[in-house]
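# Examination of the molecular architecture
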Amino acid sequence: MCTQEAFQTQRSQLVGLLVSGSLEGFESILDWLLSWEVLSWEDYEGLSLLGQPLSYLARRLLDTVWNKGTWGCEQLVAAVREAQTDCQALELSSCWDPHSPHPARDLQSHRPAIVRRLYSHVEDVLNLAWEQGFISQYERDEIRLPIFTSSQRARRLLDLATVKANGLAAFLLRHVQELPVPLAMPSEDAACKKYMSKLRTTISSQSRFLSTYDGAENLCLEEIYTENVLEIRTEMGLARSPQKSPATLSLEELFSTCGHLNEDADTVLVVGEAGSGKSTLLQRMHLLWASGRDFQEFLFVFPFSCRQLQCVAKPLSVQMLLFEHCCWPDFGQQEVFQFLLDHPNRVLLTFDGFDEFRFRFSDHERHCSPTDPTSVQNLLFNLLQGNLLKNARKVLTSRPDAVSALLRKYLRLEINLKGFSEEGIELYLRKCHREPGVADRLIRLLKTTSALHGLCHLPVVSWMVSKCHQELLLHGGGSPKTSTDMYLLILQHFLLHASPPDSVPHSLGSHLLRGRLPTLLHLGWLALWGLGMCCYVFSAKQLQAAHIDDEDISLGFLVHAKSVGPGSTTPLEFLHITFQCFFAALYLVLSTDVSPSLLRQLFICHGPRSSLLARLLPTTCVPRSERKEGSLAALLQEAEPHNLQITAAFLAGLLSREHRGLLAECQANEEALLRLQGRAQGCLSRSLHQHFRSIPPAVPGEAKSMHAMPGFLWLIRSLYEMQEERLAREAVRGLTVGHLKLTFCGVGPPECAALAFVLRHLRRPVALQLDHNSVGDIGVEQLLPCLSVCKALYLVGNDIGSVGARALALMLEKNVALEELCLEENHLQDEGVCSLAKGLERNSSLKVLKLSNNCITYLGAEGLLQALEKNDTILEVWLRGNTFSLEEMERLSQRDTRLLL
């Protein structure tokens, strides 16, 4: 029993109890009191005032309850008890009648349970209520204000249902009943709940704005985020579904049960090339969790950056990692940490940029104590193996080259992030440019310049296209077709915007570069030094050593990174790793303080860590003034190979005929630049010849086959960046392979353009196998120039649709070399097949056409039959796995036996 006198005597303790938790806890108490009708609706409105201190609301609640007598005082104590346990609401989850004649009353009676049900789904319910006309857009936007938590949004929706007489209450009562029962938090500890609230608030504030590429402006992630293509990686050789291979999934399905490599592992790996959107993907995941819209099976999410972690020199324990480098509990640290250890299945850790971690994965040193410190790399490796926080989920992002076979042993799932689809590119540009006409003009420009369109499947390039839309649309001068072209364009954009108005014309002339040459060299040296040291965030001391001043920073290519730890000054980083590589290449081209003897020593470096860039550079470009003679050689030897490949490709592009004149006017020694170009051309050609010579001889009676080695596509891309026809012709002279296999190599439209640029100079026909890549419709268009030397083309899972089919159909009308065309497991559908059929009517070389698993119906097959009546060269058309009934299959096979069903 709680008499009014006892209640008044303990008032100060009760106030302390009510304010010791969070506002969420206080509002939960109000939910119970409202459901028990202790509070009237007028009482509740008076206790739900926005902006009032929690202590004021607590005292006002005590006054309100005291005035209701002993019964009211007892009910408040019971409500506090229920709100603390917080699990009892689940017992009421199925107690209401969804078709109650009094829906508003039932919403109030079961308010605690309904708030819990709505918590993880409030966004979806809000949208559905708006679509069905129960709430206005203004009301929906008011409830969705970012100042409110998911629980507060749920309560505001219920409050609105109480005062609206349009059926909203009945709609909510029915719809909420169908929502899944949420997982209860298996703890009564207030410290954990307080920490959960703080963690959500912290991650929400960190994730709400997109800062991946450009720190100069705040882009709301909700407004700009565009879905990337996610594809499950399966072990090569394993059986797959004939209808869908490899499987695609959405971000929300990241922890689905399909495609597991190792059921006992806890780590999901997301791989994608530089600029494919890995960091933004994780940021979206964090925001979905923090806002209560998804991934609610996790009570705690801890995001980390590997480039930040490798800056930490001191040993760390798991507790130090979580609390000191993510979010610190305000009280009850030991209780919170013990909860995390007891319930690891409710914890998610994300590690962004594993490829930027300077250490290679190893499982030699076991560390199983969550409280004992160890090195950062050992802590991370043991977390990924499950020796620490076993059953806690981990998401790791990386570029493909950094993923070893040893790491794959500990993966539950591996997913390829393939960048934007063609629809995604268009959607992204429309989100970036909502002003009338701009997005339409940009999209038209891309569709008429397939080389630039192909580059845009990388979100970082789409961002650059959006950023430079004025230069692309207004000033002409030809559209970029190589990555180097695009990065020089964004360099122009930043230089022009950093210059006084009307001081320079709107073009990338030599005077524009020359005027900023000291800044470019400072940034270039910092970039190159960082690559060699595997350093991607730079302290004030490191910036000072590279002579970076405020004017250099103001150019915009260096932005603030997230703080490494408590008390540390905010370091700077390049907009993106590709920009760091670009500036490193720019330094190597523009710097004239060189030591030829030093680079002669660099060329003799051997071994697995041997510099890839060393093969491309002549004896030039090493500054010798205040830096040690061996510094550049050491940097190139120690840099990560995948970063050197990007740098080397940019270097080749900068030395192209198109850009050579621009750069020559920026430095005094033009002869050095010409020597650099000649040496780079020679090294590229020799590297390709060495690659070709390493191909084993053909098996007697079979065509010589070449499986792409890791460096092949990089060499081809570098050759394409240089845009030298003569060099491409010489590079493939004497190549005698009959079958070039590039399956599962991440070939996208840019790689297709590079392959066509080189392979079209082949003297002998070749079978080109590109199964299970990301060629797409744009990539098909890029391949067309080399298909005149292809006797077979394999494309079994490349996201090719009707646009790509039309391009192939036009090719078939003229092609006299292609004998086999494999387009299985795409989405040609009837429209694409009918286009191919028209091309077949005039073709006289194709013998086998494989169209299995393309969602083709009888209509598409009818188009093929009409073409086959005019074509007696075709021997087989594969149509297995398409949408035919048994009767249709019987009729089709009787009409033409060349159809294989």
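Scroll up to find the structure this text is about.
Thresholds, definitions, all that
Residues numbered from 1 in each chain as written. Predicted model: local features only at pLDDT ≥ 70, side-chain atom pairs only at ≥ 80, totals over all residues. Heavy atoms only, no water. Pairing = 2+ DSSP bridges. Helix = DSSP H or I, 4+ residues; strand = E, 2+ residues; numbered from the N terminus. Contact = heavy atoms within 4.5 Å. Axes fitted to C-alpha atoms, helices over the stretch in contact; angles between N-to-C directions. Salt bridge = Lys/Arg side-chain N within 4 Å of Asp/Glu carboxyl O. Buried < 20%, exposed > 50% of the residue type's maximum accessible area, 1.4 Å probe, protein only. Core = buried A, V, L, I, M, F, W, Y, C linked by side-chain atoms within 4.5 Å.

### Points about the sheet that holds strand E9 (residues 411–417)
Read across the open sheet, the seven strands follow the order E4-E3-E9-E5-E8-E7-E6; overall the sheet is mixed. Two strands lie at the open edges of the sheet, namely strand E4 (248–249) and strand E6 (300–305), each paired on one side alone. Taken together, the two bridges between strand E3 (residues 230–232) and E4 define a ladder with antiparallel strand orientation. Counterpart to Leu-230 in the pairing with E4 is Leu-249. Of the strands in this sheet, strand E5 (267–271), strand E7 (347–352) and strand E8 (393–398) touch helix H19 (residues 376–385), which is tilted by about 120° from E8.

### A look at the pattern of salt bridges
Side chains that differ in charge, positive against negative, can pair when their charged atoms come close. Scanning the entire structure with this criterion turns up 37 salt bridges. Linking Asp-43 and Lys-68 is a salt bridge whose minimum nitrogen-to-oxygen distance equals 3.0 Å. One end of the pair, Asp-43, is in helix H4 (residues 41–46); the other, Lys-68, is in the loop between helix H5 (54–66) and helix H6 (69–85), with 25 residues separating them in the sequence. Asp-43 sits in the partly exposed class, given a relative accessible area of 21%. For Lys-418, the salt bridge identified is with Glu-231, shortest N-O distance 3.1 Å. You can see Lys-418 sitting in the loop between E9 and helix H21 (422–432) and its partner Glu-231 sitting in strand E3, a full 187 residues away along the chain. Comparing Lys-418 with Glu-231 shows no difference in burial state: the two are buried. Connected via shared salt-bridge partners are Glu-27, Asp-31, Arg-111, Arg-155 and Asp-159.

### Focus: the nonpolar core
In terms of nonpolar packing, the biggest core is built from 231 residues, with Phe-300, Phe-302, Leu-491, Phe-583 and Leu-851 touching the most fellow members. In terms of residue count, helix H31 (residues 577–590) provides more of this core than any other element does, twelve residues in total. Discounting residues that sit within four places of it in the chain, Phe-583 has contacts with Leu-491, Leu-520, Leu-523, Gly-524, Ala-527, Phe-557 and Phe-574. Core analysis: the next-biggest nonpolar cluster, separate from the first, contains 26 residues, Ile-29, Trp-32, Leu-57 and Cys-73 among them.

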